[in-house]
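A structural walkthrough
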Amino acid sequence: MSFLEKLNWRYATKAMNGNKIPQEKIDNILEAIRLAPTSSGLQPFEVMVITNDAVKAEIKKIAFNQPQITDCSHLLVFAAWDNYTEERINHIFDLTNKIRGFKNKGWEAYREKLLTKYTKRNAETNFQHTARQTYIAFMAGIAQAAFEEVDSTPMEGFENDKLDKLLKLREKGLRSTVLLPLGYRDTNNDWLVNLAKVRHPKEELFTLID
Ligand SMILES: Cc1cc2nc3c(=O)[nH]c(=O)nc-3n(C[C@H](O)[C@H](O)[C@H](O)COP(=O)(O)O)c2cc1C
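An account of the accompanying structure is given in this report.

Basis of the calculations
Residues numbered from 1 in each chain as written. Predicted model: local features only at pLDDT ≥ 70, side-chain atom pairs only at ≥ 80, totals over all residues. Heavy atoms only, no water. Near = heavy atom within 4 Å. Polar contact = N/O pair within 3.5 Å; in protein donor to acceptor, adjacent residues only side chain to side chain. Areas by Shrake-Rupley, 256 points an atom, 1.4 Å probe, with all protein chains shown as cover. Salt bridge = Lys/Arg side-chain N within 4 Å of Asp/Glu carboxyl O. Helix = DSSP H or I, 4+ residues; strand = E, 2+ residues; numbered from the N terminus. Buried < 20%, exposed > 50% of the residue type's maximum accessible area, 1.4 Å probe, protein only. Phe/Tyr/Trp six-rings, centres within 6.5 Å; stacked < 30°, edge-to-face > 60°. Lys NZ or Arg CZ within 6 Å of the ring centre and 35° of its normal. Pairing = 2+ DSSP bridges. 1 Å grid on protein atoms, 1.4 Å probe; cavity = no way out; pocket = protein on both sides within 12 Å on 5 of 7 lines; lining within 4 Å. Points joined across faces, edges and corners; volume = space filled by probe spheres on them. Nonpolar A, V, L, I, M, F, W, Y, C, P; charged D, E, K, R; others polar. Patch = residues over 30% accessible without salt bridge, like charges linked within 9 Å, V, L, I, M, F, W, Y side chains within 5 Å.

Moving on: the site of the ligand. Neighbouring residues of the ligand: 14 residues in total, closest Arg 10, Ala 12, Lys 14, Gln 66 and Lys 197. In the environment of the ligand, an oxygen atom lies 2.8 Å from a nitrogen or oxygen atom belonging to the backbone of Ala 12. Arg 199 has a polar side-chain atom sitting 2.8 Å from an oxygen atom of the ligand. Protein contacts shield 65% of the accessible area of the ligand, which totals 630 Å² for the unbound molecule.

Encoded structure:
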């Protein structure tokens, strides 16, 4: 299958069969998430990788009992920084200097600009920005999962505050944004598996400005 055929093959799986995903495929999906671009390269989020059955069962209760939460192999929880801080911004700029092995005047000026701009803004505005970054990585994970022929279900259908409490995310300066159960479709029990994919036609979606 070509990449586009795989993107057509993927769908928001409603029923999973509980089969386990080989570690190599999980590693590839996580690497795609790690490689996702983010605004200024800040990567303002973390991802919890949950295989513990008891924890999955607790999460299902606060995710409208969606069965994929417990029938998946691995459950990813995307959690965005609750705010930008000097320490968080400096950390990635310092890491960049360390990895690249040099300091650059323009880059340092950019650091100062972000430090001034972001640390002045209120936490909610910053969280709205960090949360948006998680969706980019989320889609990278979804696409890589499809590439690996692993099923997934993008999910916003859960109670964020309760999940934050359950996983003690707020204590770490994080807030949950989206979930991604990864597993394998249960073809006999998934009502969506054989239904046609529905998307706006190209003419409605794209405006060509030649
Ligand atoms: C951000 C986001 C949140 C979603 N939340 C849920 C969810 O909680 N449960 C679910 O079964 N599907 C959820 N979906 C799946 C969408 O309904 C689905 O992607 C859309 O209808 C397109 O269908 P397809 O993904 O099967 O092509 C979500 C999708 C996205 C992108």
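Further remarks concern the pattern of salt bridges. Within this structure, the stated rule accounts for twelve salt bridges. The salt bridge partner of Arg 111 is Glu 108, with a shortest N-O separation of 2.8 Å. Remark: Glu 108 and Arg 111 occur in helix H6 (residues 105-120); sequence separation between them is three residues, near one turn of the helix. Glu 108 shares its class with Arg 111; the two are buried. The salt bridge partner of Asp 164 is Arg 170, with a shortest N-O separation of 3.0 Å. We classify Asp 164 as buried; its relative accessible area is 2%. Within the structure, one salt-bridge network assembled from shared partners comprises Asp 94, Glu 108 and Arg 111.

Our next topic: the packing of aromatic side chains. Evaluated as defined, the whole model comprises eight aromatic pairs. When the ring of Phe 93 is compared with that of Tyr 110, the centres are 6.3 Å apart and the planes differ by 50°; the resulting orientation is tilted. On the criterion of sequence distance, the pair formed by Phe 93 in helix H5 (residues 86-100) and Tyr 110 in helix H6 is long-range, its members being 17 residues apart. Using a relative accessible area of 0% as the deciding quantity, one classes Phe 93 as buried. Clustering of aromatic rings is evident, with ring pairs tying together Phe 78, Tyr 135 and Phe 138. Geometry around Phe 147 places Lys 6 over its ring, the cationic atom sitting 4.5 Å from the centre.

Counting buried residues in strand S4 (residues 174-183) gives ten out of ten residues, a clear majority hidden from the surface. Direction of pairing for strand S2 (residues 74-81) relative to S4: antiparallel, over a ladder of eight bridges. Within S4, the position partnered with Trp 81 by the bridge is Leu 174. As paired elements, strand S3 (residues 151-152) and S4 share two bridges and run antiparallel to each other. Each residue of the ladder has a partner; that of Ser 152, found in S4, is Leu 182.

Let's shift gears to the layout of surface pockets. Gaps left between atoms are located by rolling a probe of water-molecule size over the structure's atoms. Reported here for the largest pocket is a volume of approximately 320 Å³. As for the largest pocket, its lining consists of 14 residues, of which Gly 41, Gln 43, Ile 92, Thr 96 and Arg 100 are closest to the centre. Of all elements in the fold, only helix H2 (23-35) and H5 reach the threshold of two or more residues within the lining of the largest pocket. Broken down by element, the residue count for the lining of the largest pocket peaks at five residues, all from H5. Tallied by class, the residues present in the lining of the largest pocket amount to seven nonpolar, five polar and two charged. The volume enclosed by the second largest pocket comes to roughly 230 Å³. Lining the second largest pocket, in full, are Leu 30, Glu 31, Ile 33, Arg 34, Gln 43, Phe 45, Glu 46, Val 47 and Trp 81.

Mapping Leu 35 onto the fold places it in helix H2. C-alpha of Leu 35 to C-alpha of Gly 141: the two residues are 106 residues apart in sequence and 9.8 Å apart in space.

Attention now moves to a nonpolar patch on the surface. There is a patch of nonpolar side chains on the surface, built from Leu 205, Phe 206 and Leu 208 and spanning about 360 Å² of accessible area. Position of Leu 205 relative to the elements: it lies in helix H9 (residues 202-205).

So, about the environment of Asn 189. Along the chain, Asn 189 turns up in the loop between S4 and H9. Since its relative accessible area comes to 56%, Asn 189 is described here as exposed. For the pair Asn 189 and Asn 17, spaced 172 residues apart in sequence, the C-alpha to C-alpha distance is 9.0 Å.

Take it as geometry only, folks, not as evidence of what the structure does.
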